[in-house]
Amino acid sequence: MRKAKTVYRIFRYAGEPLQAKREISFETSLLSRLILDELCFNWNKTKLEEALNSSIDQNNEQSFQKLSEEYKQFVWE
């Protein structure tokens, strides 16, 4: 039995070029944005907490006051 062969032929399209668009669904884009926002929030909060702790360890009151003002945005609840 012979193997089946497939032959492809390409024909030029004479009409207007078509633009293919594939949009991401709203739910997917919203979910990805919320996850990225939460990741950034947690990372920034962790870095700020580390800076606060290091300023406490070094007894640097000016740095502590400045960082504590920034930290208020993370715990305003």
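Before reading further, recall that the structure is shown in the block above.
Residues numbered from 1 in each chain as written. Predicted model: local features only at pLDDT ≥ 70, side-chain atom pairs only at ≥ 80, totals over all residues. Heavy atoms only, no water.

> Even after reading the chapter, I still don't get the packing of helix H1 (residues 26–57) against helix H2 (residues 61–71), so can you show me in this structure?
Describing two packed helices takes the angle between their axes plus the distance from one axis to the other. Running from N to C, H1 and H2 point in directions that differ by 155 degrees, and their axes come no closer than 9 Å. Judged by the angle between their axes, H1 and H2 are roughly antiparallel. The crossing of H1 and H2 is left-handed. Residues Lys45, Leu48, Glu49, Ala51, Leu52, Ser55 and Ile56 of H1 pack against Ser63, Phe64, Leu67, Ser68, Glu70 and Tyr71 of H2. (Axes fitted to C-alpha atoms, helices over the stretch in contact; angles between N-to-C directions. Helix = DSSP H or I, 4+ residues; strand = E, 2+ residues; numbered from the N terminus. Parallel < 35°, antiparallel > 145°, perpendicular 65-115°, else oblique. Left-handed = near helix turned anticlockwise from the far one by under 90°. Contact = heavy atoms within 4.5 Å.)

> So what exactly am I meant to see when it comes to the side chain of serine 55 here?
By the secondary structure assignment, serine 55 is in helix H1. Within the structure, the side chain of serine 55 is placed 2.7 Å from the backbone oxygen of leucine 52, a separation counted as a polar contact. The contact partners of serine 55, leaving out residues within four places of it in the chain, are Asn60, Ser63, Phe64 and Leu67. (Polar contact = N/O pair within 3.5 Å; in protein donor to acceptor, adjacent residues only side chain to side chain.)

> What's the story with H1 in this structure? I'm lost.
Each α-helix winds once per 3.6 residues, and so residues spaced three or four apart point in a common direction. With 32 residues, H1 extends 46 Å between its outermost C-alpha atoms, agreeing within 8% with the 46 Å of an ideal straight helix rising 1.5 Å per residue. Those residues of H1 that fall on the buried side of the exposure criterion are Leu48, Leu52 and Ser55. Looking at the buried residues of H1, the elements they touch are H2. Among the residues trailing H1, asparagine 59 stands out with phi positive, at a value near 55 degrees. (Expected span 1.5 Å × (residues − 1). Buried < 20%, exposed > 50% of the residue type's maximum accessible area, 1.4 Å probe, protein only.)

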